[in-house]
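As a plain string of letters, each chain reads:
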Amino acid sequence: MRVLLLGGTTEARRLAGMIAGEVTVITSLAGRTRDPLLPAGEVRIGGFGGVDGLAGYLPEQRIDAVVDATHPFAAAISENAFRACAATGVPLMILRRPGWTAGPGDEWHRVASLPEAATVLPRLGRRVFLTTGRQGLACFAGLDECWFLARSVEPPAPPVPRRLEVLLDRGPFTVAGERDLITRHRLDVLVTKDSGGADAKLVAARELGVPVLMVDRPPLPDAASVSTPDAAARWLRVLRR
Ligand code: NAP
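So, a few notes on the structure that sits alongside this text. (Residues numbered from 1 in each chain as written. Predicted model: local features only at pLDDT ≥ 70, side-chain atom pairs only at ≥ 80, totals over all residues. Heavy atoms only, no water.)

Turning our attention to the overall build of the protein chain. Helix and strand content of the protein chain: seven helices and twelve strands. What you see for the protein chain is a C-alpha radius of gyration of 19 Å, in line with the 18 Å of a compact globule of 241 residues. Considered along the principal axes of its C-alpha atoms, the protein chain spans approximately 55 × 35 × 30 Å. The buried share of the protein chain, taken over its 241 residues, is 46%. Long-range pairs, those at least 24 residues apart, make up 60% of the contacts in the protein chain between residues at least 6 apart in sequence. For the protein chain, the computed accessible surface area is about 11600 Å², with 51% contributed by carbon and sulfur atoms. Placing the 30 positive and 26 negative side-chain charges of the protein chain at their respective mean positions leaves the two points 2 Å apart. (Helix = DSSP H or I, 4+ residues; strand = E, 2+ residues; numbered from the N terminus. Rg over C-alpha atoms; globule rule 2.2 N^0.38 Å. Buried < 20%, exposed > 50% of the residue type's maximum accessible area, 1.4 Å probe, protein only. Contact = heavy atoms within 4.5 Å. Areas by Shrake-Rupley, 256 points an atom, 1.4 Å probe, with all protein chains shown as cover. Lys, Arg positive; Asp, Glu negative; His and termini not counted. Charge placed at Lys NZ, Arg CZ, Asp CG, Glu CD.)

Here is the structure:
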């Protein structure tokens, strides 16, 4: 069995590690990160060339199943996978880790998009911890009244906010480290996407009483989905029978 695993997430790497001994797994990465953490099995890097490119790749590479384990905010590749699988009849499973839920002590403000976050932000704080990734920075470029500490894996490209400090770093992060960062920079609001997974910054924000501007996920394509690598591996085993 040949499985195309659309990756770029911890869950995709975990799943590749789980199934690499049982099936031929080809993890596909977009190629955005210069030094990506590589999974078990085969790896290909770069876009497919839209829906048509992917719909051509699937039969060409004799792919029997696709697992879309991309990031919850990578909406374009998920839509492309959905349409290419529908066009070629290749079974598709979406693997998405669960989103975050506010608990006691959290002050969260949910918005539907990054542009909406930029509109709401100045009402919540002026010293901003921005963790929405380098590609989202442009949305905040006009907010001269705010100062930003933006954390990303790769350096951002313009346009970016005028008052900006960039922190190049890749998780996992600790609650103590996040608390220290927020305190040291006197950050008074956190902006994040509802990515799910490890949540040290959210715990630190709760402990310090810092409000959180939470950007909701884009909707999933209308396909079957699971929330853990285990469940995706089970689906593949059933398909193989
Ligand atoms: P996107 O907007 O959904 O995708 C844009 C284009 O990039 C796609 O149309 C596709 O090009 C290519 N692409 C994306 N993921 C790919 C993959 N796994 N393999 C091959 N091509 C891929 O995606 P994005 O938000 O830029 O994210 C890119 C990658 O980074 C994803 O794999 C995602 O899992 C990972 N990531 C994203 C975020 C985030 O916040 N968005 C965070 C962490 C990791 P073609 O149309 O040419 O095929």
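Another point: the pattern of salt bridges. Taken as a whole and assessed by the stated rule, the structure comprises twelve salt bridges. One salt bridge connects Asp216 with Arg110, and the closest N-O pair in it is separated by 2.5 Å. Residue Asp216 is located in the loop between strand E11 (212–215) and strand E12 (225–226), and its partner Arg110 is located in strand E6 (residues 108–111); the two are separated by 106 residues in the primary sequence. Look at Arg110 and you get partly exposed, because its relative accessible area is 38%. (Salt bridge = Lys/Arg side-chain N within 4 Å of Asp/Glu carboxyl O.)

So, about the packing of helix H5 (residues 175–184) against helix H6 (residues 200–208). Two elements in contact, H5 and H6, have axes whose closest approach is 8 Å; the angle formed by their N-to-C orientations is 55°. When the axis of H5 is compared with that of H6, the two are oblique. In the packing of H5 onto H6, the handedness of the crossing is right-handed. Packed against H5, whose contacting residues are Val175, Glu178, Arg179, Ile182 and Thr183, the element H6 presents Ala200, Lys201, Val203, Ala204, Ala205, Glu207 and Leu208 at the interface. Looking at the contact of H5 with H6 residue by residue, the classes come out as seven nonpolar, one polar and four charged. (Axes fitted to C-alpha atoms, helices over the stretch in contact; angles between N-to-C directions. Parallel < 35°, antiparallel > 145°, perpendicular 65-115°, else oblique. Left-handed = near helix turned anticlockwise from the far one by under 90°. Nonpolar A, V, L, I, M, F, W, Y, C, P; charged D, E, K, R; others polar.)

Further remarks concern the environment of Ser28. In this fold, Ser28 is placed in strand E2 (residues 24–29). Residue Ser28 is classed as buried on the basis of its relative accessible area, which comes to 5%. A sequence separation of 41 residues divides Ser28 from Ala69, and the C-alpha atoms of the two residues are 9.9 Å apart. Ignoring sequence-local partners within four residues, the contact set of Ser28 consists of Leu4, Leu5, Leu6, Gly7, Arg44, Gly46 and Phe48. A distance of 2.7 Å separates polar atoms of two side chains, one belonging to Ser28 and the other to Arg44. (Polar contact = N/O pair within 3.5 Å; in protein donor to acceptor, adjacent residues only side chain to side chain.)

Let us look at the environment of Ala176. Take Ala176: it is sitting in helix H5. Sequence separation of Ala176 and Ala204 is 28 residues, and the distance between their C-alpha atoms is 7.5 Å.

What follows covers the site of the ligand. Neighbouring the ligand are 22 residues; Gly7, Ser28, Phe48, Gly49 and Lys193 lie closest to it. At 2.7 Å, a side-chain N or O of Ser28 approaches a nitrogen atom of the ligand. Contributions of two or more residues to the shell around the ligand are made by E2 and helix H3 (75–88). With four residues, H3 is the single largest residue contributor to the shell around the ligand. Each residue belonging to the shell around the ligand can be placed in one class, and the counts come to eight nonpolar, eleven polar and three charged. (Near = heavy atom within 4 Å.)

For the rest of this paragraph, the subject is the sheet that holds strand E10 (residues 189–193). The strands making up a sheet associate through backbone hydrogen bonding, with each pair oriented either parallel or antiparallel. One open sheet holds the six strands; their spatial order is E6-E11-E10-E7-E8-E9, and the pairing between them is parallel. If you trace the sheet from one side to the other, it starts and ends with E6 and strand E9 (164–168), each paired once. Neighbour-to-neighbour, the strand axes of this sheet turn through a mean angle of 20°, independent of strand direction. Of the pairings in the sheet, the one linking strand E8 (residues 147–152) to E9 comprises five bridges and is parallel in character. Looking across to E9, one finds that Arg151 is bridged to Leu167. Its contacts with the sheet put helix H4 (residues 114–124) on E6, strand E7 (127–130), E8, E10 and E11, and the angle it makes with E11 is roughly 170°. (Pairing = 2+ DSSP bridges.)

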